[in-house]
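These are the residues of each chain, in order.
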Amino acid sequence: MLDCLGCNLLNTIIYIMGVSGCGKTTIGNLLSKQTGYPFFDGDQFHPSVNIEKMAAGIPLNDEDRLPWLNSIKDFAEKKVLKNSIIIACSALKQTYRDILTNIPKANCRFILLHGEAAVLHQRLQNRVGHFMQANLLESQLNILETPTNALVIPIDQTPTKIVAQIIEKLPITLSMQEFGLIGLGVMGKSLSRNFANKGIKLSLYNRFVKNKEEKVAELFITEFPELSDAKAFEDLAAFVQSLSLPRKIMLMVHAGEATDDLIDQLIPLLDKGDVLIDGGNAYYLDTEKRINLLKNWGIHFIGSGVSGGEEGALKGPSIMPGGSIEGYQLIQPFFEKIAATNNKGIKCCNYIGAGGAGHFVKMVHNGIEYAEMQLLAELVQFLKITGGFTNDLIALLLQPFLQTEKTSYLLEITIQILQKKWKEAYLVDQILDNAGNKGTGSWTTIEAAKWGIPIPTLTAALNARFMSSMWEERRQAAAALLTSNQKQPVNIDSVMAAYQLCRIINHHQGFQLIETVSKQQGWNINLSELAQTWTAGCIIRSKLMEEIVSLIGQSNNLLMHPIIVQNCNQSVVSLKQMLAAALSNELPMDCFSASAQYLFGYKQASSGASLIQAQRDFFGAHTYQLKEDPKGPFYHTNWQSA
């Protein structure tokens, strides 16, 4: 057969040999699970006359064994054409082994399991349900010819240790890869390098598209030395066969139809107990459908959020797996190796919950991220328009806040972006002001509406991106409609206090959405552990998130925690002053305004909704309840009567 690079390779037959009772079947099965090579027990090839003879306590002779050995050899010769295999066979004499190795199209290796006669005899006496009688052991020991080219392993140790020694000392078994990854886009490549840097042996697959995507995995491997042990594939079946059992395969492809098509191709190639992981930004209900589909095939499915961008994926992302808990336990050691570590030494990888929980929290993470980014964009725009500050001055003013509770990854990169120049001008001012939107922000808003949870700050960030896409219309409107701008004194401490308050409100809304849906879906998401997962590696990592770990562990309602209440009461004046200045300059402050409106509405004991209920009852007889008995009966009034 050909390997992934087009070189001639022979598959291998690993013969586990030794006398009866040495553990050939036990070790063969365990080695099969570790390597992915199919295991076959040579005893199954004995003709009935041989079985009757051994059951009667009569030793077999060479004449008895010859047809048995030829049957094993013929079977192995056919099976090894497809993949490497493991066979348990006593193979006591060199002449027997000569028959078994007379297969030109295979590499043959022998592993002799060696034990003392007393130990072997005791094992045989304790064995139940096997035709081989204990009194035949002596005859086997008498004819055993120890091979000179076999790997000899003592049996006076656990099966796990025996298999570990085999894998360590027999190079051919090392050809099986530990983990597979499909899809070598930006994130797929960075994750692959991260896995490889942690010593994980990878199989990498990327589709073949003539004149467009050819030898993608192969060329990628040659580019980075850490991938020297990785294997490249363009054939999906060969990729799957290269992985040890149970297989662990991560999909890094486009969400939706592309993922479903790939799963359909993989199903007939996989075995029960294998694990598929979707590491893309999938819609959580699609993830739940895939879980149910693959459950019918005995295949575990994990929907895992991965955050951190290209750099995070390479150096350590935040990982949010959900779905099959049994499947997660199989991939947990791999994920924890590549995940970010926070400043407390805790890995930012945590099992979120059943079903689509992992992808749901990643979706909300991205909604919070949208708002965090928009708040910074509005903050910078406010300082430019209202304060008349340059990019360099804004960066200089923001720099000290990196040493305070207001610091975050996004604030850090914003300061760097503001100072970058190209063609002797600030690069950020040359970029088209049309912000992209890949879908997760929209999903977050849709889900919040579906579950009746107000998230105006997150939604405002999404709407701001939609507005940015109307850049041609905005330029036409700017030329036609008058705008009044007047520079005003700006207190940076006051502005940053308002900014921090809006960030708190943004996070509160996101966690409220997660808590509500988690209860409805029975996911039982631990919000404090989730916040811990977001303290390193991910885009929204910040000092605030580190504080939320403790705060939300004490009260799931972040906005009502005493520390947050005090912060709100102290900072609300700064927020109102900032919005008043922005309003006088006709400066849109989508997320700042939405956060303020949420806070004002949240703390309004008596709202205008009483009038809305009266209106609904007037035109639609929708009924209403009374403030004096809010959980009591419903009433209807004939509003037009005298």
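Before reading on, note that the structure itself is shown above.
In short, a report on the structure. (Residues numbered from 1 in each chain as written. Predicted model: local features only at pLDDT ≥ 70, side-chain atom pairs only at ≥ 80, totals over all residues. Heavy atoms only, no water.)

1. Brief notes about the overall build of the protein chain
Then step 1. Looking only at helices and strands, the protein chain has 26 helices and 14 strands in total.
Then step 2. For 642 residues, the compact-globule estimate of 2.2 N^0.38 gives 26 Å, and the protein chain exceeds it by more than 25% at 33 Å.
Then step 3. By its C-alpha atoms, the protein chain is 110 × 70 × 45 Å across when sized along the principal axes.
Then step 4. Burial status across the protein chain gives 49% buried among its 642 residues.
Then step 5. For the protein chain, long-range pairs separated by at least 24 residues make up 73% of all intrachain contacts whose partners lie at least 6 apart in sequence.
Then step 6. For the protein chain, the accessible area works out to roughly 30,900 Å², and carbon and sulfur atoms hold 54% of it.
Then step 7. Across the protein chain, 56 positive and 59 negative side-chain charges occur, with their mean positions spaced 1 Å apart. (Helix = DSSP H or I, 4+ residues; strand = E, 2+ residues; numbered from the N terminus. Rg over C-alpha atoms; globule rule 2.2 N^0.38 Å. Buried < 20%, exposed > 50% of the residue type's maximum accessible area, 1.4 Å probe, protein only. Contact = heavy atoms within 4.5 Å. Areas by Shrake-Rupley, 256 points an atom, 1.4 Å probe, with all protein chains shown as cover. Lys, Arg positive; Asp, Glu negative; His and termini not counted. Charge placed at Lys NZ, Arg CZ, Asp CG, Glu CD.)

2. A closer look at helix 17 (residues 409-419)
Then step 1. Looking at helix 17, one finds that the buried residues are Tyr409, Leu410, Leu411, Thr414, Ile415 and Leu418.
Then step 2. Where helix 17 is buried, its residues meet helix 15 (357-385), helix 16 (391-398) and strand 14 (425-426).

3. With respect to the pairing of strand 1 (residues 11-17)
Then step 1. The element strand 1 is largely enclosed, with a buried count of 7 among its 7 residues.
Then step 2. Residue alternation in strand 1 divides its side chains into two sets, Asn11, Ile13, Tyr15 and Met17 and Thr12, Ile14 and Ile16, and both sets are buried.
Then step 3. In the sheet, strand 1 pairs with strand 4 (residues 106-114) via 7 bridges, with the strands oriented parallel. By the bridge assignment, asparagine 11 is partnered in strand 4 with alanine 106.
Then step 4. In this structure, strand 1 lies alongside strand 3 (residues 85-88), joined through 4 bridges in parallel fashion. What sits directly across from isoleucine 13, in strand 3, is isoleucine 85. (Pairing = 2+ DSSP bridges.)

4. Examining the packing of aromatic side chains
Then step 1. What the rule picks out here adds up to 18 aromatic pairs.
Then step 2. The rings of Tyr283, Tyr284, Phe360, Trp443 and Trp523 are connected pair by pair, giving a single aromatic cluster.
Then step 3. Lying across the ring of tyrosine 426, lysine 421 places its NZ or CZ 5.0 Å from the centre. (Phe/Tyr/Trp six-rings, centres within 6.5 Å; stacked < 30°, edge-to-face > 60°. Lys NZ or Arg CZ within 6 Å of the ring centre and 35° of its normal.)

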